[in-house]
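Breakdown of the fold
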Amino acid sequence: MISKDKTYTTLRGMPVRIYATDAGGLFPVHGAIFNDGMWNGMKWTEEGKTLFTTTSCMVNTVDDLAEVKPRIKRTVWLNVYEHLIRASETPIQQFLQKPLARVKVKIDCEEGEGL
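Residues numbered from 1 in each chain as written. Predicted model: local features only at pLDDT ≥ 70, side-chain atom pairs only at ≥ 80, totals over all residues. Heavy atoms only, no water.

**Things to note about the sheet that holds strand 6 (residues 71–81)**
So the rule is basically this: Think of it this way: DSSP has to see at least two bridges between two strands before they count as a pair. Numbering of helices and strands runs from the N terminus, with a helix taken as a DSSP run of H or I at least four residues long and a strand as a DSSP run of E at least two residues long. To define axes, lines are fitted to C-alpha atoms, for helices over the stretch in contact only, and angles between the resulting N-to-C directions are given on a 0 to 180 degree scale.
Strand order in the open sheet formed by three strands is 7-6-8, and the pairing between neighbours is antiparallel. Edge positions in the sheet fall to strand 7 (84–88) and strand 8 (101–110), since each has one partner strand and no second. Put simply, the sheet's adjacent strands are angled 30° from each other on average, direction ignored. Pairing of strand 6 with strand 7, which is carried by five bridges, proceeds in the antiparallel orientation. The residue bridging N79 from the neighbouring strand is R86, located in strand 7.

**Here we look at the side chain of N79**
In plain terms, the rule: Burial status follows relative accessibility: with a 1.4 Å probe on protein chains alone, a residue under 20% of its type maximum counts as buried, one over 50% as exposed, and anything between as partly exposed. Any N or O atom pair separated by 3.5 Å or less is treated as a polar contact, with the protein-specific requirement of one donor-capable and one acceptor-capable atom, and with residues adjacent in sequence counted only for side-chain atom pairs.
Tracing the sequence through the fold places N79 in strand 6. On the basis of relative accessibility, which here comes to 0%, the residue N79 falls in the buried class. Within the local environment of N79, its side chain forms a polar contact with the side chain of R102, the two groups lying 2.9 Å apart.

**Some details on the confidence of the model for the protein**
Rule in force here: On a range of 0 to 100, pLDDT expresses the predictor's confidence in each residue.
Chain-level statistics for the protein give a pLDDT mean of 87 and a share of 89% at 70 or above. Across the protein, the element-wise mean pLDDT spans from 89 in strand 7 up to 97 in strand 2 (residues 16–20).

**Overview of the environment of F34**
As a reminder of what qualifies: Here, two residues are considered to be in contact whenever any of their heavy atoms come within 4.5 Å of each other.
Following the sequence through the fold, F34 ends up in strand 3 (residues 29–35). For F34, a relative accessible area of 31% gives the class partly exposed. Setting aside its immediate chain neighbours within four residues, F34 contacts M14, P15 and W39.

**A few points about the packing of aromatic side chains**
Aromatic ring pairs: the centre-centre distance and the angle between the two ring planes describe each pair. In plain terms, the rule: Pairs were defined over the aromatic rings of Phe, Tyr and Trp, the Trp ring being its six-membered one, requiring ring centres within 6.5 Å. Orientation was assigned from the angle between planes: stacked under 30 degrees, edge-to-face over 60, tilted for the rest.
If you walk through the whole model with that rule in mind, you get one aromatic pair. Each ring, one from F34 and one from W39, has its centre 5.0 Å from the other, and the planes form 55°; the classification is tilted.

As structure tokens, this is what we get:
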């Protein structure tokens with residue numbers, strides 16, 4: 001289900017604004033696609049599709065909706081001990097024992113990526 005609380009683009013990557021999700025009928029989601037410097041009105045199904053085929057099967061089009069998931073950007077430090085690895089937001093050691101290695105890891109991924 002499409003939600004006004006989420007961010008979407010089209011499958012071709014164009015920005016989308018969702019105005020309503022309860023308009024009724026086959027295309028209850030109303031909004032606009034930003035293309036060529038202007039916002040163009042559009043309607044979608046509850047699933048974010050723009051077109052039905054003659055057999056009522058869904059067909060993907062370039063204007064179908066795709067949810068934009070938030071990106072996670074952060075740096076963590078992995079302190080590697082003989083039988084343990086601990087993550088930390090800062091490069092300080094976490095135990096009295098000196099770690100075997102301290103590794104800086106930069107994370108830049110979509111929420112849920114790799115799960």
